[in-house]
Amino acid sequence: MQSRYRWWRDAVIYQVYVRSFLDSTGDGVGDLAGVRAGLPYLKKLGVDGIWLSPFYPSPQHDHGYDVADYCDVDPLFGDLAEFDLLVRAARRLGIKVLLDIVPNHCSSEHRWFREALASPPGSAARARFHFADGRGPDGAEPPNNWHAMFGGPAWTRVPDGQWYLHMFTPEQPDWNWRNPETGAEFARVLRFWLDRGVDGFRIDVAAGLFKHPDLPDSPDPEADARTRDSVNPLAWNQPEVHDVWRQWRAICDEYAARDGRERLLVGEVSVPTAREHALYVRPDELHQAFFFDLLGAPWDPDAFRKVISEAMQDIAGTGSTVTWVLNNHDQVRTVTRYGEPAPEGSGLGAARARAAALLMLALPGAAYIYQGEELGLPEVVDLPDDVLTDPIFRRTGSRARIRDGCRVPLPWSGQASPFGFTSGVEGVKPWLPQPEWFAEHATDRALADTRSFWHLYRDGLQLRASLPQLGEGTLRWLDTPPDVLAFARGDDLVCAVNFGTAPVPAPVPGAPLLASGPCPDAGVLPGSTAAWWITDPSSTPHL
Ligand code: GLC
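Note that this is a predicted model, so its numbers are computed, not measured.

*Asks:* Could you give an account of the overall build of the chain, with specific residues and numbers?
*Replies:* Counting its regular elements, the chain contains 15 helices and 18 strands. Each principal axis of the C-alpha distribution contributes one length, and for the chain these read about 75 × 55 × 50 Å. Residues counted as buried form 61% of the 543 residues belonging to the chain. Pairs at least 24 apart in sequence give 68% of the contacts found in the chain among residues at least 6 apart. Here the chain holds 51 positive side-chain charges and 72 negative ones, and the gap between their average locations is 4 Å.

*Asks:* Now, about the sheet that holds strand 9 (residues 288-291): what can you tell me, with residues and values included?
*Replies:* What the 8 strands build is a closed barrel, ordered 1-2-3-7-8-9-10-11; its pairing is parallel. Each strand axis lies, on average, 25 degrees off the axis of its neighbour in the sheet, ignoring direction. With 3 bridges connecting them, strand 10 (residues 323-325) and strand 11 (residues 366-370) associate as parallel partners. Of the residues in strand 11, the one forming a bridge with T323 is A366.

*Asks:* Tell me about the pattern of salt bridges, residues and numbers included.
*Replies:* A full pass over the atoms with the stated rule returns 33 salt bridges. Between D284 and R246 there is a salt bridge; the shortest N-O distance is 3.3 Å. Of the two residues, D284 sits in the loop between helix 8 (274-279) and strand 9 while R246 sits in helix 7 (residues 241-259), which places them 38 residues apart along the sequence. Through salt bridges with shared partners, a single network forms among D62, D330, D390, R403 and R407.

*Asks:* Just give me the short version of the site of the ligand, but keep the residues and values in it.
*Replies:* The local shell around the ligand holds 13 residues, among which D62, D204, E268, H329 and D330 are the closest. In the model, an oxygen atom of the ligand is placed 2.5 Å from a nitrogen or oxygen of the D62 side chain. The side chain of E268 places a nitrogen or oxygen atom 2.7 Å from an oxygen atom of the ligand. For the ligand, whose accessible area on its own is 310 Å², the fraction buried by protein is 96%. Here the shell around the ligand is composed, by residue class, of 4 nonpolar, 2 polar and 7 charged.

*Asks:* Residues and numbers for the pairing of strand 8 (residues 264-267), please.
*Replies:* In strand 8, alternate side chains face the same way, and those of L264 and V266 on one face and L265 and G267 on the other are all buried. Here 4 bridges tie strand 7 (residues 200-203) to strand 8, and the two strands are oriented parallel to one another. Across the sheet, I203 pairs through a bridge with G267, a residue of strand 8. Sheet topology places strand 8 next to strand 9; 2 bridges connect them, and they run parallel. Counted as the bridge partner of V266 is Q288 from strand 9.

*Asks:* I'd like a description of helix 2 (residues 32-45), backed by residues and values.
*Replies:* Given a rise of 1.5 Å per residue, 14 residues ought to cover 20 Å, and the 19 Å separating the end C-alpha atoms of helix 2 matches this to within 8%. By the largest-angle criterion, G38 marks the main kink of helix 2, which is about 40 degrees, and a proline, P40, follows within four residues. Of all the residues in helix 2, the buried ones are L32, G34, V35, G38, L39, Y41, L42 and L45. As for helix 2, its buried residues are in contact with strand 1 (12-16), strand 2 (49-52), helix 3 (80-93), helix 14 (443-448) and helix 15 (453-466). At the C-terminal side of helix 2, G46 shows a positive phi close to 105 degrees.

*Asks:* Break down the sheet that holds strand 18 (residues 529-534) for me, with residues and values.
*Replies:* Ordered in space as 12-13-14-18-16, the 5 strands form an open sheet in which the pairing is antiparallel. Strand pairing shows two members of the sheet lacking a second neighbour, strand 12 (476-477) and strand 16 (514-515), which therefore form its edges. As judged from the 2 bridges shared by strand 16 and strand 18, these two strands associate in the antiparallel manner. Bridged to L514 within strand 18 is W532. Together, strand 13 (484-489), strand 14 (493-498), strand 16 and strand 18 form the strand contacts of helix 12 (residues 348-362), whose direction differs from that of strand 18 by roughly 40 degrees.

*Asks:* Please give an account of the domain arrangement of the chain that cites residues and values.
*Replies:* In many analyses, interface size is given as the accessible surface area lost on bringing the parts together. According to the domain assignment, the chain contains domain 1 (2-106 + 179-213 + 227-448), domain 2 (111-165) and domain 3 (475-539). Facing the 18 residues of domain 1 at the interface are 20 residues of domain 3. For the pair domain 1 and domain 3, the summed buried area comes to about 1700 Å², and 73% of that belongs to carbon and sulfur atoms. Three residues stand out in domain 1 for area buried against domain 3, namely P301, R305 and L358, and they jointly supply 35% of the buried area on that side. Applying the counting rule to domain 1 against domain 3 returns 0 salt bridges. The tally of links between domain 1 and domain 3 comes to 5 residue pairs in polar contact (both at pLDDT 80 or more). Elements supplying a minimum of two residues to the side of domain 1 that touches domain 3: helix 10 (301-315) and helix 12. Looking at the side of domain 1 that touches domain 3, the element that brings in the most residues is helix 12, giving 9 residues.

*Asks:* Lay out the environment of G510 in plain terms, naming residues and giving numbers.
*Replies:* Assignment of secondary structure puts G510 in the loop between strand 15 (504-505) and strand 16. G510 gets classed as partly exposed once you look at its relative accessible area, which sits at 30%. A sequence separation of 477 residues divides G510 from A33, and the C-alpha atoms of the two residues are 47 Å apart. Discounting residues that sit within four places of it in the chain, G510 has contacts with A522, G523 and W533.

Criteria and thresholds
Within each chain, residues carry numbers counting from 1 in the order of the written sequence. Note on the predicted model: pLDDT of at least 70 is required for a residue's local features to be given, and 80 or more for side-chain atom pairs to be given and counted; whole-chain, interface and lining totals, by contrast, use all residues. Only hydrogens and water are set aside when side-chain values are computed; all heavy atoms of the structure are taken into account. Here a helix means four or more residues in a row that DSSP labels H or I, a strand means two or more in a row labelled E, and each is numbered from the N terminus. Using a 1.4 Å probe on the protein chains alone, a residue whose accessible area is under 20% of its type maximum counts as buried, one over 50% counts as exposed, and one in between counts as partly exposed. The contact definition used throughout considers only heavy atoms, calling two residues in contact when any of these lie within 4.5 Å. The charge count treats Lys and Arg as positive and Asp and Glu as negative. His and the chain ends do not count. Charged side chains are reduced to one point each, which is NZ for Lys, CZ for Arg, CG for Asp and CD for Glu. Paired strands, in this sense, are two strands between which DSSP finds at least two bridges. To define axes, lines are fitted to C-alpha atoms, for helices over the stretch in contact only, and angles between the resulting N-to-C directions are given on a 0 to 180 degree scale. A pairing counts as a salt bridge when a side-chain nitrogen of Lys or Arg comes within 4 Å of a carboxyl oxygen of Asp or Glu. Summary of the distance rule: residues count as near a molecule or strand when at least one heavy atom falls within 4 Å of that molecule or strand. In protein, a polar contact means a hydrogen-donor-capable atom and an acceptor-capable atom, both N or O and within 3.5 Å, with residues adjacent in sequence counting only if both atoms are side-chain atoms; elsewhere, any N or O pair within 3.5 Å suffices. Only the protein chains shown count as covering a residue, and every accessible area follows the Shrake-Rupley method with a 1.4 Å probe. Any residue outside Ala, Val, Leu, Ile, Met, Phe, Trp, Tyr, Cys, Pro, Asp, Glu, Lys and Arg is labelled polar, Gly included; the first ten of those are nonpolar and the last four are charged. By this rule, a helix spans an expected 1.5 Å times one less than how many residues it contains. Here the bend at a residue means the angle between the axes of two seven-residue stretches, the one that ends at it and the one that starts at it. Each domain span listed reflects an automatic or database assignment of domains. Once two parts are put together, the accessible area they lose, assessed with a 1.4 Å probe and summed over both, is termed the buried area.

Quick look at the structure:
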């Protein structure tokens with residue numbers, strides 16, 4: 001009972017970016033029926049659950065993170081009946097289903113925002129958002145100096161002269177969480193999906209929601225906008241947000257108490273320190289929050305050791321477990337990220353990404369895998385400007401080409417685009433072009449080749465499921481040479497990673513249980529390789 005109840009603590013969740021997973025209707029865009037068709041593939045891989053990127057009705061200015069109706073399915077992706085079929089099919093396979101909920105902002109097409117635009121300044125309809133008068137003699141200056149996360153000012157003016165706040169694009173107006181109607185509406189939305197059987201929610205921008213009540217100027221607006229994930233302390237991470245997570249946790253706990261099936265809240269929490277991060281996962285708040293510092297760490301043993309130690313320290317005592325992540329739909333994929341500045345074609349990026357995967361799967365806590373990570377997909381770095389759809393590209397004057405390259409539709413089979421992604425109505429192309437070299441990474445090839453990324457992930461997941469040492473708990477660092485990180489899990493499992501390129505003596509004698517690359521010589525760990533060993537503690541001095 002206990003382990004079933006706490007399933008999320010060491011779960012491995014697969015992030016499905018719905019529009020790029022599998023297209024069942026032949027329109028070039030992935031959909032919910034495609035996800036359902038892909039479930040057996042995910043079952044074979046061995047994941048515990050899936051997180052579905054937003055599929056709600058949306059004008060798709062930010063690929064669904066601009067939600068026009070929180071309780072329906074966009075016809076682009078299917079309908080509620082198809083959603084129900086997907087949940088039922090996943091349940092039959094023992095795969096949990098998490099939805100992506102977006103409470104910081106909605107779409108400018110949301111009925112309440114339209115109502116706000118049609119209503120006068122000072123009206124109840126406007127009070128659901130942040131409408132304010134501008135500054136300067138004719139109010140032509142925005143109400144404050146905040147920048148939007150995706151470039152440009154955080155305010156847009158409406159025809160009657162007022163301005164509204166949007167921390168992302170103008171098509172994504174921010175909700176006013178100081179208005180009790182907002183909280184009540186989101187409680188209704190949570191219940192709508194919980195009643196349809198979902199196992200939880202990934203919460204978008206979970207450190208957002210509340211803004212400083214006076215909406216004052218930022219002392220350093222340039223710094224707030226310097227990186228996409230930097231934090232404007234007046235717009236994010238306000239203390240009141242924690243009350244919302246307490247309320248949402250109570251709703252989830254209420255459902256769990258009814259049927260013993262614990263529902264999960266996992267937050268996208270970007271805050272400056274691991275300590276602040278830990279506040280979000282106190283026992284009565286979110287179950288988990290993505291720990292992005294691992295994703296942000298360069299390929300360097302000291303950097304990895306530091307972020308892992310900090311995460312373990314800060315999470316201790318919160319009742320949560322660390323939620324590790326190396327890739328997602330907003331970041332350059334690991335194969336490419338770790339490959340730089342290595343010469344192209346050296347294979348270093350792929351070797352390091354494989355090693356990082358084994359490291360992540362050996363850490364205590366939960367792990368998230370982003371679709372295509374299990375295929376070792378590199379970033380598509382040379383998409384032509386005219387196909388890019390990420391609003392960041394447009395809003396930064398074409399400077400930032402960040403997020404399209406990791407969102408290219410998955411290759412499933414065959415030698416040429418669409419690689420089985422779309423059922424192939426003549427002339428219909430995937431919504432982003434797939435390069436020819438995607439053939440090398442197609443799932444049919446990956447499944448047939450035991451040296452593929454896919455097999456590494458599958459073997460890692462299988463071992464993780466069968467070895468109690470790899471569940472939640474702690475780790476102990478072992479003494480190692482400078483280029484190597486090694487830690488023990490339980491009494492007898494060791495994971496070591498060689499961050500350097502030269503071989504080193506392995507911390508454990510004998511052949512590894514699983515390795516991210518060839519380990520031809522027992523007792524030697526090649527460069528850019530990770531391995532797991534089961535060892536006899538009495539014969540290994542530092543255990
Ligand atoms: C989160 C999502 C990202 C989205 C943004 C605005 O960071 O991961 O894709 O654009 O929120 O909703």
